[in-house]
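Structural features, examined
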Amino acid sequence: MTTTAADASAGPAPVLIEREQIPLSTVIRRMLVSRTRFVQLGFLLVILVGWEIAGRQMGTFFLAPPSTLWAASGEMIASGELVSALLDSLSSLLVGYSIAIVVGVCVGFLMGWYRVVGKVLDPFVSAGYVIPTAGLVPVFIIWFGLGFNARVVTVFLFCVFEILISTYTGVKNIDPLLINAARAFGANRWELFSRVASRASLPYIFAGLRMGASRAVKGMIIAELLFAVTGLGGLIQNAANYYRTDKVFVVVIVLAVIGVALAALIQWLESRATPWSTGPSH
Amino acid sequence: MLYTIDHVTSQQLTNPLAAAGPGPSAAGGIRVAGLVKTYERTTGREIVRTHALEQVDLHVAPNEFVSLVGPSGCGKTTVLKVIAGLLDPTSGTVTIDGARVTGPGTDRGVVFQQPALMPWLSVIDNVTLALRFAKVPKRERVPRAERYLALVGLADFHDHFPGELSGGMQQRVGIARALALEPRVLLMDEPFGALDAITRQHMQTELVRIWEDERRSVLFVTHSLDEALLLSDRIVVMERGRVAASVDVPIDRPRTRLGLLEDPAARRLRASLEEML
Ligand SMILES: Nc1ncnc2c1ncn2[C@@H]1O[C@H](COP(=O)(O)OP(=O)(O)OP(=O)(O)O)[C@@H](O)[C@H]1O
Ligand SMILES: [Mg+2]
């Protein structure tokens, strides 16, 4: 129907457009089985084999080979320590990271949207960004004690500036042409924010979320090592105290998986929220 | 009546205010009076002032089609932006049907020199978003957007993103967006600049058809004299931030490219305009 309308006024379209529905099974298969996946698996295999060889030569005491990790992880799961540490860590990570997202995006947006706010806060943000968070730990202990709050604050401070600065940059870099176009068509201030600015700055905001996520994981571990010996960081420290490198590596792998999962989650959200910038390029 | 361009231009050149058309009593259409725009930028100890518009008086009568021509950088886009309400003038006033312009409004549809489409929205969503901003009732938005997209030949591309379109196609989305607003005043900044000759001709025909169907005032910036002659009732020539001349185009409609080539009056008009630029 639409085709005839176009034909009537402008002749045939200058290019042939084909539309084809992909079955869900194909979509899922493509996601799981792809060349990238094979290469990634191969790469992982190379790492594991190299690690195994090195571990067997140096001995479990120095470098536990991957083959010993099954037993270690079984032991840690059976005793319940791994799961409770994981939950402990994840809760402080997610709470701190979420607060950082809310604060970072809001403040970053205000700074980018209202020029005055940006100019006034800019040096303070720069100052906060360069202050080494880990160096403030003694003060945190005085303020927040050694518990959950202190860890949340550390995670927050570790990642909030990445998110804030990235959002600020994104809002500042919104194409003025788009704002002008929206204004010309009668958009009010709220619509400029909700329909234009908040969408136009999304690629930058997601870049901030990605950088912030890895910083948040690091902040979580540091907090667990420096405050109370707890969570996954605590598990590492305890295992190291007993010279159990196999247990240390189990925790390290769990941390890596958390990092990869978090990055994948953000990437998935990003591809949903900004289909135009990651659109089909084949 | 024999048309003597020499007489018109010399008179207009010496008295640019006469270019503003009928006296100030005629309140309708677009009226630009004493427009001055100076861009200012401070770097260190230096202030740089660009006098983009030194003095511009301009009148587009209701339902009149006026083309604005002039060398690159002479201030055409600046005039258009001020009329659109997107840029505050240093001094001077703009009125539309007698009402003073103080900001953007949906009585004016703007086609920008660059397409200015939202990259995160599909073609049709770009058009319906403008209609939403303009407070067009929800039920009307999609059918109206589809109608104008078909008009510019992009019905098949309604679910594509701007990044997936060619430059000329993007420009046509921008044109559909302005037309869909069905405004009383159309402000178009080189809207057909990025189009191939055939598509351009098609768009010119459509624009004239729309303008004749639902009369509205059009201010149309172009670099092409042929285009200006084909489309407009009057051609305003700008030079260094001023109106250098305003020339009526007394050629019967419907006009065709070929007809313009053969019409001696049109050729004389073209020659003298060319000399001015
Ligand atoms: N944002 C700006 N800041 C400073 N100077 C500007 C700005 N925009 C335009 N100018 C100056 O104003 C003058 C007029 O610009 P304008 O865009 O109106 O020209 P134009 O006639 O539309 O040119 P073109 O045909 O190339 O589009 C230019 O010479 C330019 O130097
Ligand atoms: Mg221009």
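Quantities reported herein were computed from a predicted structural model and do not represent experimental measurements. (Residues numbered from 1 in each chain as written. Chains lettered and ligands numbered in written order. Predicted model: local features only at pLDDT ≥ 70, side-chain atom pairs only at ≥ 80, totals over all residues. Heavy atoms only, no water.)

**Points about the overall build of chain B**
Quick reminder of the rule: Secondary structure elements follow DSSP: runs of H or I of four or more residues count as helices, runs of E of two or more count as strands, with numbering from the N terminus. Taken over C-alpha atoms, the radius of gyration is set against a globule rule of 2.2 Å times the number of residues to the power 0.38. Remark: exposure states derive from per-residue accessible area (1.4 Å probe, protein chains only) relative to the maximum for the residue type, with buried under 20%, exposed over 50%, and partly exposed in between. It only takes one pair of heavy atoms within 4.5 Å for two residues to be counted as in contact. Note on areas: these come from Shrake-Rupley sampling with a 1.4 Å probe, and a residue is covered only by the protein chains present in the view. Positive residues here are Lys and Arg, negative ones are Asp and Glu, while His and the chain termini are left out of the count. By convention, charge coordinates are those of NZ in Lys, CZ in Arg, CG in Asp, or CD in Glu.
Regarding its fold elements, chain B presents nine helices and 10 strands. Computed over the C-alpha atoms, the radius of gyration of chain B is 19 Å, within 12% of the 19 Å expected from 2.2 N^0.38 for a compact globule of 277 residues. In terms of overall dimensions, chain B has C-alpha extents of about 55 × 55 × 35 Å along its principal axes. The buried share of chain B, taken over its 277 residues, is 55%. Expressed as a percentage of contacts within chain B between residues at least 6 apart in sequence, the contacts between residues at least 24 apart total 68%. When the accessible surface of chain B is split by element, carbon and sulfur atoms take 52% of a total near 12,200 Å². Of the charged side chains in chain B, 32 are positive and 33 negative; the average position of the first set lies 6 Å away from that of the second.

**Regarding the domain arrangement of chain A**
Residue and element names in this part refer to chain A. Short version of the rule: Here the limits of each domain have been adopted from an automatic or database domain assignment. Here the quantity called buried area is the total loss of accessible area, with a 1.4 Å probe, experienced by two parts when brought into contact, counted for both. Criterion for a salt bridge: a side-chain nitrogen of Lys or Arg within 4 Å of a carboxyl oxygen of Asp or Glu.
Examined at the domain level, chain A breaks down into domain 1 (26-58) and domain 2 (62-273). The interface is formed by seven residues belonging to domain 1 together with nine residues belonging to domain 2. Across the interface of domain 1 and domain 2, roughly 660 Å² is buried in total on both sides, 73% from carbon and sulfur atoms. Of all residues in domain 1, Trp51, Glu52 and Met58 bury the most surface against domain 2, accounting for 75% of the area lost on that side. Linking domain 1 to domain 2 there are zero salt bridges.

**Observations concerning the site of ligand 1**
All names here are of chain B. Our working definition: Definition of nearness: a residue and a molecule or strand are near each other if at least one heavy atom of the residue lies within 4 Å of the molecule or strand. Counting of polar contacts relies on pairs of N or O atoms within 3.5 Å, with two restrictions inside protein: one atom must be capable of donating a hydrogen and the other of accepting it, and residues adjacent in sequence are counted only when both atoms are side-chain atoms.
The immediate surroundings of ligand 1 are formed by 13 residues, with Ser72, Gly73, Lys76, Thr77 and Thr78 found nearest. One of the side-chain nitrogen or oxygen atoms of Thr77 is found 2.6 Å away from an oxygen atom of ligand 1. Measuring from an oxygen atom of ligand 1, one finds a side-chain N or O atom of Gln113 at 2.8 Å. In isolation ligand 1 has 640 Å² of accessible area, and contact with the protein removes 63% of it. For the shell around ligand 1, the elements supplying multiple residues, two or more each, are strand S2 (46-60) and helix H2 (76-84). No other element matches the three residues that H2 contributes to the shell around ligand 1.

**Focus on the packing of aromatic side chains**
All names here are of chain A. Our working definition: Any Phe, Tyr or Trp ring, taking Trp's six-membered ring, that has another such ring centre within 6.5 Å forms a pair; planes under 30 degrees apart are called stacked, those over 60 apart edge-to-face, and the others tilted.
Considering all chains together, one arrives at 13 aromatic pairs over all chains under this definition. Geometrically, the ring pair formed by Trp51 and Phe249 is edge-to-face, given 5.1 Å between the ring centres and 65° between the ring planes. Here Phe249 lies in helix H13 (residues 245-273) and Trp51 lies in helix H3 (residues 35-58), a separation of 198 residues in the sequence. Aromatic side chains Phe61 and Tyr243 sit 5.5 Å apart centroid to centroid with 40° between the ring planes, which places their arrangement in the tilted category. Residue Phe61 is located in the loop between H3 and helix H4 (69-78), and its partner Tyr243 is located in the loop between helix H12 (231-241) and H13; the two are separated by 182 residues in the primary sequence. Assessed through its relative accessible area of 56%, Tyr243 is described here as exposed.

**Side note on the coordination of the magnesium ion (ligand 2)**
All names here are of chain B. Condition: Here the coordinating atoms are restricted to nitrogen, oxygen and sulfur within 2.8 Å of the metal centre, or 3.2 Å for Na, K and Ca, and because water is not among them the sites may look incomplete.
Bound to the magnesium ion (ligand 2) are the protein donor atoms Thr77 (OG1) and Gln113 (OE1), situated 1.9 to 2.3 Å from the metal. Linking Thr77 in helix H2 with Gln113 in the loop between strand S6 (108-111) and helix H3 (123-133), this pair joins segments that are 36 residues apart in sequence. Residue classification places Gln113 among the partly exposed positions, given a relative accessible area of 36%.

**Regarding unusual backbone geometry**
Residues and elements named next belong to chain B. Here Arg253 and Pro254 are connected by a cis peptide whose omega angle stands at 0°. As for its placement among the helices and strands, Pro254 is situated in the loop between strand S10 (242-248) and helix H8 (257-262). Here Glu182, not a glycine, exhibits a phi torsion of approximately 45°, which is positive. Mapped onto the secondary structure, Glu182 falls in the loop between helix H5 (167-180) and strand S7 (185-189). One non-glycine residue, Arg240, lies in the positive phi region at around 45°.

**Some thoughts on the interface of chain B and chain A**
By a widespread convention, an interface's size corresponds to the accessible area lost as its parts come together. At the interface, 34 residues of chain B touch 29 residues of chain A. Counting the surface lost from both chain B and chain A, the interface buries some 2,900 Å², and carbon and sulfur atoms represent 68% of this. Of all residues in chain B, B:Trp120, B:Phe133 and B:Asp156 bury the most surface against chain A, accounting for 27% of the area lost on that side. Our count for the chain B to chain A interface comes out at one salt bridge. The partner of A:Arg19 in a salt bridge is B:Asp159, and the shortest N-O contact between them spans 2.6 Å. Where chain B touches chain A, the interface holds three residue pairs in polar contact (both at pLDDT 80 or more). Contributing elements (two or more residues each) for the side of chain B that touches chain A: S6, H3, helix H4 (138-151) and H5 of chain B. Top element by residues in the side of chain B that touches chain A is H3(B). It accounts for four residues.

**Comments concerning H2(B)**
Residues and elements named next belong to chain B. Counting buried residues in H2 gives seven out of nine residues, a clear majority hidden from the surface. All of the buried residues along H2 are Lys76, Thr78, Val79, Leu80, Val82, Ile83 and Ala84. Just downstream of H2, Gly85 is the residue with a positive phi angle, here 85°.

**Digging into the pairing of strand S8 (residues 217-221) of chain B**
Residue and element names in this part refer to chain B. Cut-off, in case you're wondering: Paired strands, as defined in this entry, are two strands with at least two bridges between them according to DSSP. Clockwise travel from the first strand over the helix to the second, with the strands pointing away from the viewer, marks a crossover as right-handed.
Of all five residues that make up S8, five are buried, and the element is covered over most of its length. Here S8 shows a buried face lined by Ser217, Leu219 and Val221 and a second buried face lined by Val218 and Phe220. In this structure, S7 lies alongside S8, joined through five bridges in parallel fashion. Considered in S8, the bridge of Leu187 is made with Leu219. In terms of handedness, the path from S7 via helix H6 (residues 197-213) over to S8 forms a crossover that is right-handed.

**Structural notes on the pattern of salt bridges**
For the structure on display, the rule yields 24 salt bridges over all chains. In this structure, B:Glu40 engages B:Arg49 in a salt bridge whose closest nitrogen and oxygen atoms are separated by 2.8 Å. For B:Glu40, a relative accessible area of 51% gives the class exposed. B:Arg144 is the partner of B:Glu182 in a salt bridge, and the nearest nitrogen-oxygen pair spans 3.8 Å. With B:Glu182 in the loop between H5 and S7 and B:Arg144 in helix H4, this residue pair connects regions lying 38 residues apart in the sequence. Since its relative accessible area comes to 32%, B:Glu182 is described here as partly exposed. A relative accessible area of 11% places B:Arg144 in the buried class. What you see here is one network of salt bridges that share partners, running through A:Glu75, A:Glu81, A:Arg244, A:Asp246 and A:Lys247.

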